[in-house]
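What follows is each chain in one-letter form.
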Amino acid sequence: MAILLLIRHGENDFVGKRLAGHLPDVHLNEKGRHQADALIPILGSQPIRAIYSSPLERAVETAEPLANHLGLTIQICDNLAEINFGDWQGCPIDQLRKSKEWETVQNHPEEMRFPGGESFSEAQMRLVTAVDGIAASHDKKEMVACFSHSDSIKLLVAHYLGMPLKHFQRLTVDTASISAVYLGVSHPYLLQLNGKDLSVMPWDES
């Protein structure tokens, strides 16, 4: 099992304003491109053996500078994509906050299915299956980078911590942040959450 770096994409013009979800053609803005480049001095000397990414442009564009620096090919994993928010995609967040379903999203996410999209529980199962498969394909102590999205990473971390889905919104995952998990033999370990650098050392499960 590998050490998995879960990296959120960089800034884009939808962040904090509109719900991007699976919308195509949502690209990094200038700040986001700087954030992607800034990952090189943080991760460029780490023993990363593979890079995986959500197929959405903002994730791939965040992965590209590091992949080019390391000479690695980005492996697209469809199941690392953001939640499918269905009819909510593209909507202003201020507008969504006024809907009765917003309280469910924030406080009872285990009950929420997005109209025309998926539920949080379905998304979590999809993401965990993908990441478990990635980890199983690498040797113990190999380091692997997975570029994904805020809610996707929060759902993954909640699962590996054994946190009820009801509480996953208590986690924070900022743009271009680095979280790290090790899927150990006995149980998973959270090595880092929402970091701006990398403090993970080679992990020795005992």
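Structural data are supplied above this passage.
Residues numbered from 1 in each chain as written. Predicted model: local features only at pLDDT ≥ 70, side-chain atom pairs only at ≥ 80, totals over all residues. Heavy atoms only, no water.

Colleague: Outline the pairing of strand E6 (residues 188-195), supporting the account with residue identities and numerical values.
Modeller: Pairing between strand E5 (residues 178-183) and E6: five bridges, direction antiparallel. The residue bridging Leu183 from the neighbouring strand is Pro188, located in E6. Between the end of E5 and the start of E6, which pair antiparallel, lie four residues. (Pairing = 2+ DSSP bridges. Helix = DSSP H or I, 4+ residues; strand = E, 2+ residues; numbered from the N terminus.)

Colleague: Lay out helix H5 (residues 120-136) in plain terms, naming residues and giving numbers.
Modeller: In this model H5 runs 24 Å from its N-terminal to its C-terminal C-alpha over 17 residues, within 8% of the 24 Å that 1.5 Å per residue would give. Phe120, Ala123, Gln124, Arg126, Leu127, Val128, Ala130, Val131, Ile134 and Ala135 are the residues of H5 that are buried. At its buried positions, H5 is contacted by strand E1 (3-8), strand E2 (48-53), helix H4 (101-107), strand E4 (143-148), helix H6 (150-161) and E5. (Expected span 1.5 Å × (residues − 1). Buried < 20%, exposed > 50% of the residue type's maximum accessible area, 1.4 Å probe, protein only. Contact = heavy atoms within 4.5 Å.)

Colleague: Residue-level account of the pattern of salt bridges, with values.
Modeller: Within this structure, the stated rule accounts for six salt bridges. With its nearest N and O atoms 3.7 Å apart, the salt bridge here joins Lys31 to Glu11. Pair noted here: Lys31 is in helix H1 (residues 30-43) and Glu11 is in the loop between E1 and H1, with a separation of 20 residues, a long-range link. For Lys31, a relative accessible area of 48% puts it in the partly exposed group. A salt bridge links Glu122 to Arg113, with the shortest nitrogen-to-oxygen separation between them at 2.7 Å. By relative accessible area, Glu122 is classed as partly exposed at 34%. (Salt bridge = Lys/Arg side-chain N within 4 Å of Asp/Glu carboxyl O.)

Colleague: Which residues make up the pairing of E1, and what are the values?
Modeller: Within E1, six of the six residues are buried, which leaves the element mostly enclosed by the surrounding structure. Where burial is concerned, the two faces of E1 agree: the one with Ile3, Leu5 and Ile7 and the one with Leu4, Leu6 and Arg8 are both buried. Summarising the sheet, E1 and E5 pair through five bridges and their orientation is antiparallel. Residue pairing in the sheet places Leu5 in a bridge with Ala180 of E5.

Colleague: Just give me the short version of the nonpolar core, but keep the residues and values in it.
Modeller: Residues Leu4, Trp88 and Phe120 are the most contacted members of the largest nonpolar core, which totals 40 residues. Within the residue set of this core, elements represented by two or more residues are E1, E2, helix H3 (93-96), H4, H5, E4, H6 and E5. Element by element, the count of residues in this core is highest for H5, at eight residues. Grouped together as the second largest cluster of nonpolar side chains are 19 residues, Leu66, Phe147, Ala180 and Tyr189 included. (Core = buried A, V, L, I, M, F, W, Y, C linked by side-chain atoms within 4.5 Å.)

Colleague: Can you lay out helix H2 (residues 57-70) for me, pointing to particular residues and giving the numbers?
Modeller: Between its terminal C-alpha atoms H2 stretches 20 Å, which fits the 20 Å expected from 14 residues at 1.5 Å a residue. Listed in full, the buried residues belonging to H2 are Arg58, Ala59, Val60, Thr62, Ala63, Pro65, Leu66 and Ala67. Lining the buried residues of H2 we find E1, H1, E2, strand E3 (74-76) and E4.

Colleague: Talk me through the packing of aromatic side chains; I want residue IDs and the actual numbers.
Modeller: The full count for this structure, using the stated rule, is six aromatic pairs. On the basis of an interplanar angle of 75 degrees and a centroid distance of 5.2 Å, the ring pair of Phe114 and Phe120 is categorised as edge-to-face. Each member of the aromatic cluster is reached from another via a ring pair, and the members are Phe85, Trp88, Trp102, Phe114, Phe120 and Phe168. (Phe/Tyr/Trp six-rings, centres within 6.5 Å; stacked < 30°, edge-to-face > 60°.)

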